[in-house]
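Examining the three-dimensional arrangement
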Amino acid sequence: LDLSTFFLGRPLAAPLMNASGVWCNVTNQLNALAKSEAGAMVTKSCTLVRRDGNPEPRYHTLSMGSINSMGLPNEGHLYYLDYAQQHDYENKPLFFSVAGLTLDDNLTMVAQIQDAYTPAMVEINLSCPNVPGKAQIGYDFEALDVILAEISSAYARPFGVKLPPYFDIAHFDEVAEILNRYDKVAFVTCINSIGNGLMIDINSETVLIKPKQGFGGIGGEYVLPTALANVNAFYRRCPEKSIIGCGGVSTGEHVFMHLLAGASIVQVGTALYEEGVDIFARLKIELARIMQQKGYQKIEEYQGKLKTI
Ligand code: RRO
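The rules behind the values
- Each chain carries its own residue numbering, running from 1 in the written order of its sequence.
- Totals for whole chains, interfaces and linings use every residue, but because this is a predicted model, local features are given only for residues with pLDDT of at least 70 and side-chain atom pairs only at 80 or more, for both listing and counting.
- Side-chain figures throughout are based on the complete set of non-hydrogen atoms in the structure, without hydrogens or water.
- Starting at the N terminus, helices and strands are each numbered in turn, a helix being any DSSP run of H or I of at least four residues and a strand any DSSP run of E of at least two.
- When we talk radius of gyration, it's over C-alpha atoms, and the globule rule is simply 2.2 Å times the number of residues to the 0.38.
- The cut-offs for exposure are 20% and 50% of the maximum accessible area for each residue type, with area from a 1.4 Å probe on protein chains only; residues under the lower value are buried, those over the upper are exposed, and the others partly exposed.
- Throughout, a contact is declared for two residues whenever any of their heavy atoms are within 4.5 Å.
- The Shrake-Rupley method, run with a 1.4 Å probe, gives the accessible areas here. Residue values count only the displayed protein chains as cover.
- The pairing criterion for strands is at least two bridges between them, as found by DSSP.
- Orienting the strands away from the viewer, one traces the path from the first strand over the helix to the second; a clockwise path indicates a right-handed crossover.
- Patch membership requires over 30% relative accessible area and the absence of a salt bridge. Like charges are linked within 9 Å, and nonpolar side chains (Val, Leu, Ile, Met, Phe, Trp, Tyr) within 5 Å.
- By definition here, a salt bridge exists when the distance from a side-chain nitrogen of Lys or Arg to a carboxyl oxygen of Asp or Glu is within 4 Å.
- Axes here refer to lines fitted to C-alpha atoms; in helices the fit is confined to the stretch in contact. Angles between the N-to-C directions go from 0 to 180 degrees.
- Angles are sorted into four bins: roughly parallel if under 35 degrees, roughly antiparallel if over 145, roughly perpendicular if 65 to 115, and oblique for all others.
- Crossing handedness is defined as follows: a turn of the near helix away from the far one that is anticlockwise and smaller than a right angle gives a left-handed crossing, while the clockwise case is right-handed.
- Here the term charged refers only to Asp, Glu, Lys and Arg, the term nonpolar to Ala, Val, Leu, Ile, Met, Phe, Trp, Tyr, Cys and Pro, and the term polar to all other amino acids, Gly among them.
- Each residue is tested against the molecule or strand, and it is near if at least one of its non-hydrogen atoms lies within 4 Å.
- Here a polar contact is taken to be a pair of N or O atoms separated by no more than 3.5 Å, where protein atoms must pair a possible hydrogen donor with a possible acceptor and residues adjacent in sequence count only if both atoms sit in side chains.
- Only centres within 6.5 Å qualify two rings of Phe, Tyr or Trp (six-membered ring in Trp) as a pair; their planes then separate them into stacked at under 30 degrees, edge-to-face at over 60, and tilted for everything else.

So, the overall build of the protein
From N to C terminus, the protein includes nine helices and 16 strands. Here the C-alpha atoms of the protein give a radius of gyration of 18 Å, agreeing with the 19 Å that 2.2 N^0.38 yields for 309 residues. Taking the principal axes of its C-alpha atoms as reference, the protein extends roughly 55 × 50 × 45 Å. Buried positions account for 56% of the 309 residues belonging to the protein. Look at the contacts in the protein between residues 6 or more apart in sequence, and 73% of them connect residues 24 or more apart. Of the roughly 13,500 Å² of accessible surface on the protein, 52% is carried by carbon and sulfur atoms.

Considerations on the pairing of strand β10 (residues 185-190)
With six of its six residues buried, β10 lies for the most part within the structure. In terms of strand pairing, strand β9 (residues 159-163) meets β10 through five bridges, oriented parallel. Each residue of the ladder has a partner; that of lysine 162, found in β10, is threonine 189. With respect to chirality, the unit in which β9 leads through helix α5 (residues 169-180) into the neighbouring parallel β10 is right-handed. In this structure, β10 lies alongside strand β15 (residues 242-246), joined through four bridges in parallel fashion. If you follow phenylalanine 187 over to β15, its bridge partner there is serine 242.

Some thoughts on a nonpolar patch on the surface
Together, Leu198, Ile200, Val207 and Phe215 give the surface a local cluster of nonpolar side chains, amounting to about 320 Å² of exposed area. Its place among the elements puts isoleucine 200 in strand β12 (residues 200-201).

Looking at the packing of helix α2 (residues 77-86) against helix α3 (residues 103-115)
Where α2 contacts α3, the axes come no closer than 11 Å and their chain directions differ by 25 degrees. In terms of orientation, α2 lies roughly parallel with respect to α3. Viewed along their axes, α2 and α3 form a crossing whose handedness is right-handed. Side by side, α2 and α3 meet where His77, Leu78 and Leu81 of the first sit next to Met109, Gln112 and Ile113 of the second. For the contact of α2 with α3, a count of residues per class yields four nonpolar, two polar and no charged.

Digging into the site of the ligand
Residues in contact with the ligand, as listed here, are Lys44, Asn68, Met70, Gly71, Leu72, Pro73, Asn125, Cys128, Pro129, Asn130, Asn192 and Ser193. Here an oxygen atom of the ligand and a backbone polar atom of methionine 70 are 3.2 Å apart. Glycine 71 is positioned such that a nitrogen or oxygen atom in its backbone is 2.8 Å from an oxygen atom of the ligand. If the ligand stood free it would expose 310 Å²; the protein chains cover 92% of that surface.

Some points on the packing of aromatic side chains
As enumerated under the stated definition, the model contains 12 aromatic pairs in all. With a centroid separation of 3.7 Å and 20 degrees between ring planes, the pair formed by tyrosine 59 and tyrosine 273 is classed as stacked. Here tyrosine 59 is found in strand β5 (residues 59-62), whereas its partner tyrosine 273 is found in helix α8 (residues 270-275), with 214 residues between them in sequence. Judged by its relative accessible area of 16%, tyrosine 59 falls in the buried class. Judged by relative accessible area, which is 41%, tyrosine 273 ranks as partly exposed. Grouped by ring-pair contacts, the aromatic residues Tyr139, Phe141, Tyr166, Phe172 and Phe234 constitute a single cluster.

As for the pattern of salt bridges
Applying the stated criterion across every chain, the model contains 10 salt bridges. Among the ionic pairs, arginine 50 bridges to glutamate 75, the shortest N-O distance being 3.6 Å. Here arginine 50 is found in the loop between β4 (41-42) and β5, whereas its partner glutamate 75 is found in the loop between β6 (65-68) and α2, with 25 residues between them in sequence. One salt bridge in this structure joins glutamate 286 and arginine 282, with 2.9 Å as the shortest N-O distance. Here arginine 282 and glutamate 286 lie together in helix α9 (residues 279-294), a separation of four residues that amounts to about one turn.

Shape descriptors only; they carry no functional weight alone.
Below is the structure:
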């Protein structure tokens, strides 16, 4: 039984990786991902200049997932560029997540990544829900068009975008139509956390995290149906692009569902945060067991082949 696959022509030992933000802030964590059974990995979304992020507590485990308002804590893009230049690309592909606070910052960062000649694949994060005063580009369709046009002309290589969840068919149509104008957008990662949820501790009658009066991005089991819908919506609408699935994955069944919906790689966020990098070995065993039960020998036999009734 074979869990290997290809992503944009590159071989992967398994269709699994971390979600950006989890286990990828500093070199120690990145090295642990590199040694793990993940088939690929991505760095923490970075800004031009290092950030401390929001005040703590800023992450809380929930009964079916997590809430976070980290606020883009990161070491600055040159730190991740250093990592990218020492990464072993034979071992596994590396994605480089970029989340500039302005269009100019994004253009500066992709220009420097380009000048470094790293094989890392850029993922532009258009969906951070947690920087106070900053709207998500993913929800501003005019700004989305502008940033894709500008990055397409400033950056010579294919790149990907990390999208927020959408909840309306008209929005799936409109965003896909914009993405399809840009050939260099080679992959789409669906979804980031469901932004600005709120959970409450009944005992103390308070919110669970300090930033933004307790509002934060929701991840984990809560978001699985929304994640699957977004993966499949963009898989159907963007036939020239690859889809990376993210959201609600903690078992082999969840990985299988994302692959069936059209994902080429499946990311793990909340469950990786809770369980650590050994989760990738468990997910591989669980996915292999499902494939064996169903008589599948390779991922391509079912990937994207979700049936409707
Ligand atoms: O750092 C964060 O607060 C954060 C980011 Br950049 C993101 O894209 N998604 C998220 O849930 N948290």
